[in-house]
Amino acid sequence: MVQTLEFEKPILELESKIEELRHMTSSGGVDVADEVSKLQGKVDRLLKTTYAKLTPAQKVQVARHPERPHTLDYVERLFTEFTPLAGDRRFGEDAAMISGLARFRGRACVVLGQERGHDTETRLRHNFGMVKPEGYRKAERLMLMAERFHLPVVTLVDTAGAFPGIQAEERGQSEAIAKCIETCLKVKVPIVAVVIGEGGSGGAIAIAAADRVLMLEHAIYSVISPEGCASILWRSAAQSGEAAAALRLTAQDLKEFKVIDGIVGEPYGGAHRRREETIDLVGDAIESALHELRGLDGAALLARRRQKFLDIGQSLQ
Amino acid sequence: MADDDEKESTPMNWINNYVRPRLARLVAPKEVPDNLWIKCPSCGQMLYKRDLEANLNVCHHCNHHMRLGPKQRLTTLFDDGRYALIELPKPAVDPLRFRDTKRYSDRIKDAQNKTGQQDAIQVAHGDIGGMKTVVAAFDFSFMGGSMGMAVGDGLVAAAKLAVLQQAALIVVPASGGARMQEGILSLMQMPRSVIAVEQVKEAGLPYIVLLTDPTTGGVSASFAMLGDIHIAEPGAQIGFAGARVIEETIRETLPEGFQRAEYLRDHGMVDMVVHRKDLQATLARVIGLLTRPGPGASVVKISRAAAPAE
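Definitions and limits used
- Throughout this document, residue positions are counted from 1 along each chain, in the order its sequence is written.
- Note on labels: chains are lettered from A, ligands numbered from 1, in written order.
- Predicted model: local features are reported for residues with pLDDT of at least 70 only, side-chain atom pairs are reported and counted for 80 or more only, and whole-chain, interface and lining totals are derived from all residues.
- Computation of side-chain values: all heavy atoms of the structure, hydrogens and water removed.
- UniProt positions are given in the numbering used here, feature names are shortened, and annotations may be inferred rather than shown by experiment.
- As used throughout, domain bounds are those supplied by an automatic or database domain assignment.
- Contacts are assigned to residue pairs that have any heavy atoms within 4.5 Å of one another.
- Note on definitions: buried area is the accessible-area loss of two parts on being combined, 1.4 Å probe, summed for both.
- The rule for a salt bridge is simple: a side-chain nitrogen of Lys or Arg has to be within 4 Å of a carboxyl oxygen of Asp or Glu.
- For the purposes of these results, a polar contact is taken to be a pair of N or O atoms within 3.5 Å, where, inside protein, one atom must be able to donate a hydrogen and its partner to accept one; residues adjacent in sequence count only when each atom of the pair is a side-chain atom.
- Comment: elements are numbered from the N terminus, with helices defined as DSSP H or I runs of at least four residues and strands as E runs of at least two.
- Two aromatic rings, drawn from Phe, Tyr or Trp (for Trp, its six-membered ring), form a pair once their centres lie within 6.5 Å of each other, and the interplanar angle then sorts them: stacked below 30 degrees, edge-to-face above 60, tilted otherwise.
- Distance and angle both matter: a charge sits over a ring if NZ of Lys or CZ of Arg is within 6 Å of the ring centre and within 35 degrees of the ring normal.

Chain B has the name Acetyl-coenzyme A carboxylase carboxyl transferase subunit beta in an unreviewed UniProt entry, where Roseiterribacter gracilis is given as its organism. A UniProt comment under Catalytic activity (unreviewed entry) is attached to chain B, and it reads "N(6)-carboxybiotinyl-L-lysyl-[protein] + acetyl-CoA = N(6)-biotinyl-L-lysyl-[protein] + malonyl-CoA". Under the UniProt heading Pathway (unreviewed entry), the note attached to chain B is "Lipid metabolism; malonyl-CoA biosynthesis; malonyl-CoA from acetyl-CoA: step 1/1."

As annotated in an unreviewed UniProt entry, chain A carries the name Acetyl-coenzyme A carboxylase carboxyl transferase subunit alpha and comes from Roseiterribacter gracilis. According to UniProt, the comment filed for chain A under the heading Pathway (unreviewed entry) is "Lipid metabolism; malonyl-CoA biosynthesis; malonyl-CoA from acetyl-CoA: step 1/1." Taken verbatim from the UniProt record of chain A, the Function (unreviewed entry) comment is "Component of the acetyl coenzyme A carboxylase (ACC) complex. First, biotin carboxylase catalyzes the carboxylation of biotin on its carrier protein (BCCP) and then the CO(2) group is transferred by the carboxyltransferase to acetyl-CoA to form malonyl-CoA."

Listed below in C-alpha cells is the structure:
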C-alpha cells in the first residue's frame, strides 16, 4: 500500500488521470499520447515546485515515508560482498542495527545503520529501527574492529530513536549510547555518516559523531520528535507542525548551524519516487567524502573530528 | 528530554480555592514566611525547613534525598565547604529563536531571575580530602537542569581546568536531558561533553560521576555514563527514556523501583549508592586510591618485560 501524503494529493490525482488515459490507449481506444505527455509535464512541474518549498512538517512526513529507501536498500545497491556480522558478544543480536563488512566501490569497509523495515513482518523483525543496547554495543565492536584493520566506517542513520523499554533500560541503554558516541570519537579511521531518513535524537547521534555528516535533502535530524516536543511544550501533540518548524530540523537548517557538512540533493519528487537514483547520489556523496578523508593520518583525523564537534555552536555567537 | 521547571502543583480543592482566600481576607494578612515547613514528598512528614537544611535536604524520617542546589552541593563536597567558582563563557542566547507557548529567550530570563544564575551548571575548584578537584554541578531549578550550549560550555571548561590543574573531575548531573529549545544544538552537546570528559580520562585523571535525581535522557546517554566511577544518591531516578514514554511504548506498568539508583546498581550500571552525608568521605577515598598509589607502588608498576616482581 502506498501511503498518500496530504500535500501530494493534486499530484496523485494527475497521476491517476494519466494512468486512466494509458489504460484507454492500451485497451485499443484513441491515441492519447499527446494528452499523456502534456499531463506528465504538468506533474513534473508540480512535483518540482511542491518539493522545492516543503514546510518542515511536510519534510517530517517525507523523511518517514514508508516507500523511502531504507538502510538495507542502500546496502544492497551500493555495497558488494556484504557480510553481516551479528551480536555484541555480551548479550545478544539486534536486527534493528544492520552491521557488517562490505566493499564500497571496491574498498573494504564496515557498514552500520538502523533499518526500519518495509512491511509488518520486517518492521517487527527490525523493531521499527529502534535499537537496543546490544545493537549499540555491536556497532561499537565493529567500529573498534574497523580501526584494527584500518577500514573506513560508513553509517546510515534512520531511526525514530533508541528503543524505550524496560529491558533496554535494565541493560543500560544510556551507557550503551554513551559508549557508542565515545567510540565514534575515539577510533582513528574515517567515519562518514549519512542521515537518510529520520535522525532521531540520542539513538541517531550514537552512530553519527563522524568526520563527515551528510544529510539527504528531505531528511530530518532532531533532538526530539516534533510530536514529543509538542506534547511537552504545547501540552498537545496536535501542535507537532509548529514544533517541527520551531525545532529547525531540516537539512537546510542543520547546514546553516554547521551541524552537518553537506546536503545530498534528492531527485525532484523525493527519494520515495526515485529510489535508485537517490541511492546512487548518496553513493557518490559517500565516495567523495571518503576520498577527501583518504590519506589523513589517524591521529590528525581524530583530532579534527573532535575539534569539529567541540566547535559546533560556537560560530553562532 | 527535559520537561521545564518542577511540576509541584498544589492539589486543587475547594478548601484551597474557595474557603482559604475568604479566611485570609477575614484575618488581616500577616508577614509570615510561608515556607517554614516542608512536606517530605516521600513519607509526607512535615519537616522544619532549618532542620532539613542542616540535614543536607535529607528527610529525617525516611531518608528521602531531596534535590540540592549547586551552592549547597559544592559546599557539602569540598573540604570545609571552601571552593572557588570559575566564570563560564557567556552562552549564545536562543540560537533557534525558539518559541512555543512562550519565547525561549523569556524562559531563560525567568530562570535567570529565579535562580540568580546564568544557566544550569556551575563549575568550581578546590580540595576534597586535600586533593585538587574540579566539580561541575547541575542546577535542576534552572529549566530542569537541561543541557544546552551553556551547559556544554561548562563541561568543556570544567574538563579543561581539571587537565590544567592535574585535578580529578567530578560531575554532578541533575537534569531531565537535552534542552529542546536549542534543538539540534542541544543534541550536539552529547558528543561535545563526551569529548570533554575523554580529555580528562586521557590525561590519566579520575573522572567521577555523582548521579543525582534526576539523570535522564541525553545527559545520562552521554558524559554521565562514562565515568571511571559512578556514585549515585539513594532513590535518584537514572535512565534513558522517561517512564511515560516506556509505558506508552510497551503498554505495561513499570516494576517497583524502576530506574532508581539501587536498580541501576543491581543492574551493573552504578558502582555504589551512597548517602549524602557520606559522599565527601567516599569521594576523598576513591580519588586517593586512584591518584595516590602509596609506598608499595613500584611493585605493581606496569612493565612490558615479563620479569618477576623484585
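Caption draft 1: Focus on the domain arrangement of chain A. Residue and element names in this part refer to chain A. Once the domains are mapped, chain A shows domain 1 (6-53) and domain 2 (60-315). The gap between the C-alpha centroids of domain 1 and domain 2 is 35 Å. Between domain 1 and domain 2, the contact holds nine residues from the first and eight residues from the second. Of the roughly 740 Å² buried between domain 1 and domain 2, counting both surfaces, carbon and sulfur atoms make up 59%. Applying the counting rule to domain 1 against domain 2 returns two salt bridges. Where Glu15 meets Arg273, a salt bridge forms, and the shortest distance between an N and an O atom there is 3.9 Å. Between domain 1 and domain 2 we count four residue pairs in polar contact (both at pLDDT 80 or more) in total. Taken together, the elements giving at least two residues each to the side of domain 1 that touches domain 2 come down to helix 1 (9-26) and helix 2 (33-52). The greatest single-element share of the side of domain 1 that touches domain 2, amounting to four residues, is contributed by helix 2.

Caption draft 2: Broad picture of the UniProt feature "zinc finger region: C4-type" (unreviewed entry) in chain B. The UniProt record annotates "zinc finger region: C4-type" (unreviewed entry) at residues 40-62 of chain B. The distance separating the terminal C-alpha atoms of residues 40-62 of chain B is 9 Å; by composition the span is 26% helix and 13% strand.

Caption draft 3: Here's a closer look at the UniProt feature "domain: CoA carboxyltransferase C-terminal" (unreviewed entry) in chain A. Under the local residue numbering, the UniProt record ascribes the feature "domain: CoA carboxyltransferase C-terminal" (unreviewed entry) to residues 38-292 of chain A. End C-alpha atoms of residues 38-292 of chain A are separated by 44 Å, and the span's content is 45% helix alongside 20% strand.

Caption draft 4: Fine view of the side chain of A:Ser222. As for its position among the elements, A:Ser222 is in strand 7 (residues 220-222). Within polar-contact distance, the side chain of A:Ser222 engages the backbone oxygen of A:Ile224 at 2.7 Å. Residue contacts for A:Ser222: discarding those within four places in its chain leaves A:Gly199, A:Gly200, A:Ser201, A:Leu247, A:Leu249, B:Ile184 and B:Leu187.

Caption draft 5: Main features of the packing of aromatic side chains. Evaluated as defined, the whole model comprises six aromatic pairs over all chains. Aromatic side chains B:Trp37 and B:Tyr48 sit 5.3 Å apart centroid to centroid with 55° between the ring planes, which places their arrangement in the tilted category. Taken together, the positions of B:Trp37 in strand 1 (residues 37-39) and B:Tyr48 in strand 2 (residues 46-48) put the pair eleven residues apart, joining distant regions of the chain. The ring of A:Phe163 carries the charged tip of A:Lys132 above its face, separated from the ring centre by 5.2 Å. Taking NZ or CZ as reference, B:Arg67 lies 3.9 Å from the ring centre of B:Phe140, over its face.

Caption draft 6: Broad picture of the environment of B:Leu290. Residues and elements named next belong to chain B. Take Leu290: it is sitting in helix 11 (residues 279-291). For the pair Leu290 and Asp271, spaced 19 residues apart in sequence, the C-alpha to C-alpha distance is 15 Å. Sequence-distant contacts of Leu290, defined by excluding residues within four places in its chain, comprise Pro206 and Ile229.

Caption draft 7: View of the interface of chain A and chain B. Taken together, the contact between chain A and chain B spans 48 residues of the former and 57 residues of the latter. Together, the buried faces of chain A and chain B total about 4,300 Å²; carbon and sulfur atoms form 72% of this surface. Between the two partners, chain A and chain B, sit three salt bridges. Ionic pairing is found between A:Glu182 and B:Lys201, a salt bridge with its closest N-O pair at 3.2 Å. The tally of links between chain A and chain B comes to nine residue pairs in polar contact (both at pLDDT 80 or more). Among the elements of the structure, helix 7 (166-170), helix 8 (173-184), helix 9 (201-205), strand 7, helix 10 (226-233), helix 11 (240-247) and helix 14 (298-311) of chain A are those that each provide at least two residues to the side of chain A that touches chain B. A per-element tally of the side of chain A that touches chain B places helix 8 of chain A first, with eight residues.

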